[in-house]
Amino acid sequence: ALLIAFYAVCRHAGDYERVAAAAGRLRLEVRDAERLQTYELNPAWVKVVVGERRGGGVRLALRSHGQDYEIGRHLDDAGRERFAALLRERLAGI
C-alpha cells in the first residue's frame, strides 16, 4: 500500500497550472500526471467563476463560450478566492 501511495505522489509531483496573458490572448496550461493540456482563450470573452465544489469548498474556473476550465486545484479555498480577485482585476485591464 505504501508503494502505491508513493507512486501516486511521484506521478503527480510535476502537476501545475499556468495562466498567462500575452498578445490579446489568455493561455491556460494544465499539467496533470503525464497529460498536458493547453487552451488559448480570448480574454474579452473569459469570465472568472467562483462557486461551490461538490462536497464543499470553493471551485474556481475560467468560463468561455459555455466551457468551464477549472483552475486553482493546488490552492486552498482562501487562495482560490484571492486568485479569482487577482484574475478579475487583470482581465479588466486587458
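Residues numbered from 1 in each chain as written. Predicted model: local features only at pLDDT ≥ 70, side-chain atom pairs only at ≥ 80, totals over all residues. Heavy atoms only, no water.

So, about the confidence of the model for the chain. Scored by pLDDT, the chain comes out at a mean of 89, with 87% of its residues at no less than 70. When pLDDT is averaged over each helix and strand of the chain, the minimum, 63, is found for helix α1 (residues 2-11) and the maximum, 97, for strand β5 (residues 58-64). (pLDDT = per-residue confidence, 0-100. Helix = DSSP H or I, 4+ residues; strand = E, 2+ residues; numbered from the N terminus.)

Next up on the list: helix α2 (residues 77-92). Helix length check: α2 (16 residues) gives 23 Å between terminal C-alpha atoms against 22 Å at 1.5 Å per residue, within 8%. Taken residue by residue, α2 has Gly79, Arg80, Ala84, Leu87 and Leu91 as its buried positions. Down the axis, α2 shows its buried residues gathered within 135° of arc, on one side only. With respect to the buried face of α2, the exposed residues turned more than 90 degrees away are Arg82, Glu89 and Ala92. Considering only its buried residues, α2 is in contact with β1 (16-22), β2 (25-32), β4 (47-52), β5 and β6 (67-71). (Expected span 1.5 Å × (residues − 1). Buried < 20%, exposed > 50% of the residue type's maximum accessible area, 1.4 Å probe, protein only. Arc of directions from axis to C-beta. Contact = heavy atoms within 4.5 Å.)

What follows covers the sheet that holds β2. The strand order across the open sheet built from three strands is β1-β2-β3, with neighbouring strands paired in antiparallel fashion. On the outer flanks of this sheet lie β1 and β3 (35-41), each paired with one strand and no other. For this sheet, the mean inter-axis angle between neighbouring strands, taken without regard to orientation, is 10°. As judged from the seven bridges shared by β2 and β3, these two strands associate in the antiparallel manner. Within β3, the residue paired with Leu26 across the bridge is Leu41. (Pairing = 2+ DSSP bridges. Axes fitted to C-alpha atoms, helices over the stretch in contact; angles between N-to-C directions.)

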